[in-house]
Structures are given as structure tokens and as C-alpha cells.
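Chain residues, written in single-letter form:
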Amino acid sequence: MNKRDFLKNSIVFFPAAGVLSALTCQAEGKELSASMTTGYDASQHWYGMGVDVDKCIGCNKCVEACKAENNVPGEPYYFRTWIERYDIHADGEVKVECISTRTPEERLAQQNQPLDPSVVRSFFVPKLCNQCANPPCVQVCPVGATFQTRDGVVLVDEQRCIGCRYCIQACPYGARYLNPQTHTADKCTFCYHRITKGQLPACVEVCPTEARIFGDLKGKQDRLVRFQHDNEISVLKPDLNTEPKVRYARLDGEVR
Amino acid sequence: MQRLGVIVVLFLAVVITRFFLLPESWISAKPHQAATVAREMAKPQHHAGMATCRQCHEDEYTTKLGGFHRTIGCENCHGAAAAHVANKDDPAATPPKHREREFCLTCHGFVASRPNGFPQVDGLQHNKGKKCVTCHDPHDPKPDEPIKGCDGCHGVIARTKALSTHSQLECTQCHQVSEQHLVEPRSALPTKPTQRDACARCHDKDATDPAAASARLDLSTHGRTYVCWECHNAHLPEGTK
């Protein structure tokens, strides 16, 4: 190709590329407009959850509600939120059992058991994705499928996720799992489809003792902000600097 | 000169392509993130929320608001009800009313790990075979007898203490309990002894209470600087830790 041909072809190429890109941008605009029409401004919020360990009765209703709300597979070993039972013995030994992996019949059979005399403290701890302000799972994703929204929720783009499980390994809280139906990583979204419409996440909606509190850390009069004022707050694994937005009240020092 | 012209044209072409022609989704993560957010927001709800239930079931809501079950969302017991809200005549979507004992025992069966004060029964002995709803209204449950003493909530401690030499002591001997604690237990916690004096009142060698006559010690030498409950359980003093 000589210089003249090159310049001639360029004259055709640029307008053609312009038309193509205009079409692409239009298609994108259609997808984006869905979030524009609801009138929800994500930059005005910074969501978090408060958990009062002293109130959890280990009924597992939050786990069941989460599964119903978010189409989590029914097998007991797939969950976005779960409850652990801690037994702390006099000799310092800590036994942790995830009660959410039991069937309801097994949990009923565990009732009315006398307290093992060597147990000095025993309690339930609800756990879920901590929606870290500094999330390790986002850092490791090789395709940028997981990201933090402006309101502080870590989401997974299931169309972009390649199911490499790197984020599942990176999460220090074990909050992610690989969905066997979509073969992509799945995790708690704080029920993003509910909270953006002003409703509570399903687990908070059904919690019978208000052990879980949902709120907006940017709200001055918010319930979660008051919860943080009124209680001594701890987070899980603070040494990792993940800055979790799930805040625990009356959390035993043995909880990892 | 001509060569410079070609270079300038190429440079401009690259710049125009990068910043004006290529769609943003080829360069930035923002569009596909926005698409994910839109997809998440569009997902269907399965739980309708208590405020929605209230619109039709005001009576049940008001009853529940005055009782011990006021903090419990309707869908805790009746299950996810968005399908029922969408079509209230569909019998398949009608929320279930649970009548079986196991359902109530999910929360109210005795599990040692549950917090003190949470009402629990031994499902194997408590009116065996009888349905809970024959005595308790699930929207406004009432205990058979109102809770009076400490053992209503602190049953494990009460049963331990009843077997010990401290069985005749009132809880208030060692704990100061405010009235507020009976209404909102966690907002006003009872005091616990902090000094050895709490035990010394009865157990010091100079104490005068006849009940503790057999368990007097010279506390200036016994146990040095440890507080008593590091070795002795005040609720079961015979057993040492």
C-alpha cells in the first residue's frame, strides 16, 4: 500500500468506526438507563450491618430466608450467611461448629442436651460477608468481575466471572462459595435488590431477636450509627486491615 | 515535511480513536459494573417485608406489636410472601400457618448456647403431645406465669445454686439488681462482686453470720492476692474450679 492509498482508506475508516461506536454506546446506554430511572443515588449511602452476639438464639431463620430470597442452592453446605456455635472450655480449648450445615432434624436433636460442665462460655455468632471497605477479594480478581459499589457493597458480575475461585481463597472470612448452577463465585450482596428500594435484607427482616441490625453509616440518625454509639464494637480479624462494615457487639475475644 | 504531516495525522487518529471512538466498555470497568448494579437491583424480591403485610393484616400486626413477639417479622414464621402479595387469591402462594410443635421449638427448645433470659422449654417434657397454640397465641404469646424471680431467666444458675450450700442465699446478697433490669435486662446489668470483701462478710474468721460458721478462714493469708472466684464458684462453692 502506498501513502496515497493509505490516506484514502483512512477517510473511509474513521467515519465507519464512528458509526459503529455510536451504535455500541447506544446499546450501553440502554443497559445503564435501568439504574438511572429508579432515582437511587448510591453515593449518598455507605451500608453496614450490626450484629449483637448476645441476642442470637441460633434459630437459623436468617440462613433459610437468605436462601429463599437469593436462590442459593438448597444443600446445607451452600450459604451466603451462616451461624457458628462457639463452645469455650475451661482449659482454653475452643470448639466451633457451623450449625447451618446441619439439617433441621439434626438441630432439633441437639436440643435439651445438658451443658458440658467443662464449657465455660457457649454462644452463637452469625456470620456473613463483611462487605470490607478494603476488600481482598476485589484485589485478587484477575478479570475485574468483583468490585465495590459506591454505597460500599461488594458485588460479583456473574457474566464476567470465570469461576477461577481465587476470590474464594482470598476472603479471610470464608464468605464466598462457587455457585454450582452458574459456576461463578457468589456471595452476600446485603440483598442489594432490597436495600436500594429502602427495604431490609432478608436476614434482618426475619431475625426474631433483632440480633442483626441493618443501616447506613452515612446516616446521622441511623439505627446502625446509634448501635455503634451504644455498644462496644469489634470486627472480625481487625489485624488484616480489611475494615469490615459488619460490626459486632459483645463479641467474645475467642471468635475468629 | 510530508513525513511530519503523516506522523501528526496518525497521532491525531490514535488520540481520536482512544478517547472518542472506542466505546467506554472497551477501556473502563465502569460500564460493566453499572450493568451489574442494574442487574442486581432488578432481581425479584421474595420477602415482601412487614410493612407490606400490615396493609392487609392490620389486626395481627397491632396484636403482635403489644406482645413479646413484636420484634419478629411476619415472614419469620409464615415464610417468604412476595408471591402471596402479588396474587392473594392463589392458594399455592398462601403463606403457611405452622401448628406443629417442632416449629415453635426451633426457637424455644432448650439449647445451652442460647442467651440467658430467652424463653426456652424442654420440648420432651413440656406438655408433651399438646400443640403450642392451644395455650399460647403466636401473635401475642404469654408465659403461663409471669416471671417473678431471677430463676425465670437464669435457670441454669438457679438449679446449680439450689444444690449447693449457698441454696438459702438470695441472688441480691451478692448482686445489686435495678428495677430496670426486670424490664429491659440488657440495658441495666446487675452488679457483680469485684473485691474479696464480698465473700469476707461471711467467710472471714471474724465474721459473725452463723450460717457460714463451718467455712471461715483467715483471709489475710488464704489465697494471697487472688480474688475468691478465681478458684471457687460462688454458685457451687463445694466444687473448685
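Cut-offs and rules
Residues numbered from 1 in each chain as written. Chains lettered and ligands numbered in written order. Predicted model: local features only at pLDDT ≥ 70, side-chain atom pairs only at ≥ 80, totals over all residues. Pairing = 2+ DSSP bridges. Helix = DSSP H or I, 4+ residues; strand = E, 2+ residues; numbered from the N terminus. Contact = placed C-beta atoms within 7 Å. Nonpolar A, V, L, I, M, F, W, Y, C, P; charged D, E, K, R; others polar. Buried ≥ 20, exposed ≤ 12 C-beta atoms within 10 Å, placed from the backbone. Core = buried A, V, L, I, M, F, W, Y, C linked by C-beta atoms within 7 Å. Domains from an automatic or database assignment. Axes fitted to C-alpha atoms, helices over the stretch in contact; angles between N-to-C directions. pLDDT = per-residue confidence, 0-100.

Asks: Just to check I follow, could you spell out the pairing of strand E3 (residues 94-98) of chain A for this structure?
Replies: Look at any regular strand and the pattern is simple: side chains alternate between the two faces of the sheet. Residues and elements named next belong to chain A. Inspection of the sheet shows strand E2 (residues 81-89) paired to E3 by 5 bridges, in the antiparallel sense. For Glu-84, the partnering residue across the bridge sits in E3 and is Cys-98. Taken together, E2 and the strand that follows it, E3, pair antiparallel across an intervening segment of 4 residues, in which Gly-92 is found at a positive phi of about 90°.

Asks: Honestly, the interface of chain B and chain A in this entry has me stumped. Any pointers?
Replies: The extent of an interface is frequently quoted as the accessible surface area lost upon association of the parts. The interface of chain B with chain A comprises 48 residues on the first partner and 52 residues on the second. Among the secondary structure elements, those contributing two or more residues to the side of chain B that touches chain A are helix H1 (2-21), helix H2 (30-41), helix H5 (74-78) and helix H7 (101-108) of chain B. For the side of chain B that touches chain A, the element with the highest residue contribution is H2(B), accounting for 10 residues. Partitioned by chemical class, the residues of the side of chain B that touches chain A number 24 nonpolar, 16 polar and 8 charged.

Asks: How should unusual backbone geometry be read in this particular structure?
Replies: Note: most peptide bonds trans; most residues except glycine with negative phi. The backbone of Phe190(A) sits at a positive phi, close to 55°, despite the residue not being glycine. Structurally, Phe190(A) can be placed in the loop between strand E8 (185-186) and helix H6 (192-195). The buried category is assigned to Phe190(A), around which 29 C-beta atoms lie within 10 Å. Here Asn127(B), not a glycine, exhibits a phi torsion of approximately 45°, which is positive. By secondary structure assignment, the location of Asn127(B) is in the loop between H7 and helix H8 (155-162). Residue classification places Asn127(B) among the partly exposed positions, given that 13 C-beta atoms sit within 10 Å.

Asks: Quick question: what am I supposed to make of the nonpolar core here?
Replies: One recurring pattern in soluble globular proteins is that nonpolar side chains are buried together. In this structure, Cys62(A), Cys66(A), Leu155(A), Phe190(A) and Cys203(A) are the most contacted members of the largest nonpolar core, which totals 57 residues. Dropping the residues within four chain positions of it, Leu155(A) is found in contact with Thr146(A), Phe147(A), Thr149(A), Thr189(A), Tyr192(A), Thr36(B), Val37(B) and Glu40(B). By size, the runner-up hydrophobic cluster in this structure holds 5 residues, among which are Ala48(B), Cys74(B), Ala80(B) and Ala81(B).

Asks: Before we go on, may I ask you to explain the domain arrangement of chain B in this structure?
Replies: Examined at the domain level, chain B breaks down into domain 1 (52-80 + 98-146) and domain 2 (151-240). Look at where the C-alpha atoms of domain 1 of chain B and domain 2 of chain B centre, and you get two points 35 Å apart.

Asks: Can you walk me through the sheet that holds strand E1 (residues 47-52) of chain A in this structure?
Replies: Residues and elements named next belong to chain A. Pairing is mixed in the open sheet, where 4 strands are placed in the order E9-E1-E11-E10. One side of each edge strand has no neighbouring strand; the edge strands of this open sheet are strand E9 (212-216) and strand E10 (233-234). Along the sheet, helix H8 (residues 223-230) contacts E1, E9, E10 and strand E11 (246-249); its crossing angle with E9, the most-contacted strand, is approximately 115°.

Asks: What should I look at first to understand the confidence of the model for chain A in this one?
Replies: Interpretation of this model should avoid reading the predicted coordinates in detail wherever pLDDT is low. When pLDDT is averaged along chain A, the result is 90, and 92% of the positions lie at 70 or above. Ranking the elements of chain A by mean pLDDT puts helix H1 (residues 3-37) of chain A last with 67 and strand E6 (residues 154-156) of chain A first with 97.

Asks: In this structure, what is going on with the environment of His175(B)? I would like to understand it.
Replies: Residues and elements named next belong to chain B. On the secondary structure map, His-175 appears in the loop between H8 and helix H9 (179-183). On the basis of neighbour counts, which here come to 16 C-beta atoms within 10 Å, the residue His-175 falls in the partly exposed class. Each C-alpha atom of the pair His-175 and Glu-40 lies 52 Å from the other, and the pair is 135 residues apart in sequence. Excluding residues that lie within four positions of it along the chain, His-175 makes contacts with Pro-190, Thr-191 and Lys-192.

Asks: Explain the pairing of E1(A) to me, please; I cannot follow it from the model alone.
Replies: All names here are of chain A. With 6 of 6 residues buried, E1 is to be regarded as a mostly interior element. Covered by surrounding structure in E1 are Tyr-47, Met-49 and Val-51 together with Gly-48, Gly-50 and Asp-52, the residues of both alternating faces. Where E1 and E9 come together, 5 bridges link them in antiparallel fashion. Residue pairing in the sheet places Gly-50 in a bridge with Ile-213 of E9. Inspection of the sheet shows E1 paired to E11 by 4 bridges, in the parallel sense. Paired with Gly-50 across the two strands is Arg-247, which belongs to E11.

Asks: Just to check I follow, could you spell out the sheet that holds E3(A) for this structure?
Replies: The strands making up a sheet associate through backbone hydrogen bonding, with each pair oriented either parallel or antiparallel. Residue and element names in this part refer to chain A. Read from one edge of the open sheet, 3 strands run E3-E2-E4, paired in antiparallel fashion. In this open sheet, the two strands that pair with only one neighbour each are E3 and strand E4 (119-128). The average angle at which neighbouring strand axes cross in this sheet is 20°, direction not considered. As paired strands, E2 and E4 are joined by 9 bridges and run antiparallel to one another. By the bridge assignment, Glu-84 is partnered in E4 with Val-125. Contacts from helix H2 (residues 61-70) reach E2 and E4 within the one sheet, and its direction differs from that of E2 by about 160°.

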